[in-house]
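In case you want the letters, here they are:
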Amino acid sequence: QMSYTYFPIMLEEFGATVRFQNLLEGTFDLGPVRVTTQIMNHPTLTFGYRLEMGGKVVVYIPDHEPNSLHPKDAPPGAPPVHREDRRHLEFLEGADLLIHDAQYTLREYPAKVGWGHSPFEKTVDYAIAAKVKRLALFHHDPLCTDENLDLRVEAARKRASEGAHTPEVFAAAEGMVMDLPGEAAPERPPISSESSALLPPASEGSPSTVLLIEDDPNVKRILRLVLDSDHVHVLSAIDGETGVEIALKERPGLILLDLVLPGIDGLEVCRRIRASADEMVKDVPIVIITGVRMEEEDVLACFDAGATDYMTKPVTATQLLARVHSWLLRTARQ
């Protein structure tokens, strides 16, 4: 971001000494504030932050879109179907202030899928389900006028009032200040190395291994080109049986799996891998990549079989790499 290609001022011109700290999902202390990180659903690798101090919690979600809109036509605040959306709710749970991406409306969202931003209606649903006290809608669409934004806030408040829990809803604005008076909090337990978000400096090691199980030669070639360009070590199989054999032998860090395959299908591949006695194989993240539109029953069937996540074709290079890196980061300690 700070190279001349993108911006005229480079890091060398800063008056301050700037240091970078690479992060995993986990926790670290920033002075008196305990910070917890979680990877968001965005075309580039993005973290959300949960900050806790003096008994108060602020959660900041910059760029994020729902992993799935299911269940559709459900009442406001209904629990989501996708496991990652449920995990997102756990991250927001009980926040005194939630600052959350809410760029689009549900009506606009179908044309923006994959852009990495949320319809405000789903953001309100998250706040209801997570029992958030205050919700600040932000990342406003640049094309949205103040009048339109006021209408969205009004609609968001109405939706919030229809749930089992009603958060205070407003639009974040430049210069806005909110006071969250703290209180004496018990001494926090130390952060273990297993739960720390701070990634220690390390020399370049061997590349991460991804197993691609895909029978379409054109899709397979494109996916391999994208992964190879980012120095990811790729193993591949064109049928389910071979894919399971390679997974058991090579122990990849991630599996990208098509649903429709010669021989056994993707769901059976998931079941066989989850039945492995080898813990490193049994717990490997499995991301379904499918050209089939996933309805709620399809999503549930994938999760029941042992899938971790899913993506719908066509998949852009940035979407693929962000998803691959996010899952490899989560398994970096294994």
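Before any of the text, the structure's been laid out above.
All of the points below concern the structure found in this document.

**Let's talk about the sheet that holds strand β4 (residues 56–61)**
- Here we have seven strands laid out as an open sheet, ordered β1-β2-β3-β4-β5-β6-β7, and mixed in their pairing. One side of each edge strand has no neighbouring strand; the edge strands of this open sheet are β1 (26–30) and β7 (168–171). Pairwise comparison of adjacent strand axes, ignoring direction, gives a mean angle of 20° for this sheet.
- Where strand β6 (residues 134–138) meets β7, four bridges bridge the pair, whose relative direction is parallel. The partner of Leu137 across the bridge, within β7, is Ala171.

**As for the pairing of strand β12 (residues 309–312)**
- Inspection of the sheet shows strand β11 (residues 286–290) paired to β12 by four bridges, in the parallel sense. By the bridge assignment, Ile289 is partnered in β12 with Met311.
- Taken together, β11, helix α8 (residues 296–305) and β12 constitute a β-α-β crossover, and its handedness is right-handed.

**Re the pattern of salt bridges**
- Scanning the entire structure with this criterion turns up 22 salt bridges.
- Arg293 is the partner of Glu295 in a salt bridge, and the nearest nitrogen-oxygen pair spans 3.3 Å.
- Owing to a relative accessible area of 60%, Arg293 belongs among the exposed residues under this scheme.
- When salt bridges that share partners are traced, they join Glu25, Glu84, Arg87 and Arg330 into one network.

**Structural notes on a negative patch on the surface**
- Residues Asp146, Glu147, Asp150 and Glu154 make up a contiguous surface patch of negative charge.
- Looking at where Asp150 falls in the secondary structure, it is placed in helix α3 (residues 146–161).
- For Asp150, a relative accessible area of 53% gives the class exposed.

**Thoughts on the sheet that holds β12**
- Read across the open sheet, the five strands follow the order β9-β8-β10-β11-β12; overall the sheet is parallel. Two strands bound the open sheet, and with one partner strand each, they are β9 (233–237) and β12. Sheet twist, expressed as the average angle between the axes of neighbouring strands with direction ignored, equals 20°.

Cut-off values and rules
Residues numbered from 1 in each chain as written. Predicted model: local features only at pLDDT ≥ 70, side-chain atom pairs only at ≥ 80, totals over all residues. Heavy atoms only, no water. Pairing = 2+ DSSP bridges. Helix = DSSP H or I, 4+ residues; strand = E, 2+ residues; numbered from the N terminus. Axes fitted to C-alpha atoms, helices over the stretch in contact; angles between N-to-C directions. Right-handed = clockwise from strand over helix to strand, strands pointing away. Salt bridge = Lys/Arg side-chain N within 4 Å of Asp/Glu carboxyl O. Buried < 20%, exposed > 50% of the residue type's maximum accessible area, 1.4 Å probe, protein only. Patch = residues over 30% accessible without salt bridge, like charges linked within 9 Å, V, L, I, M, F, W, Y side chains within 5 Å. Areas by Shrake-Rupley, 256 points an atom, 1.4 Å probe, with all protein chains shown as cover. Lys, Arg positive; Asp, Glu negative; His and termini not counted. Charge placed at Lys NZ, Arg CZ, Asp CG, Glu CD.

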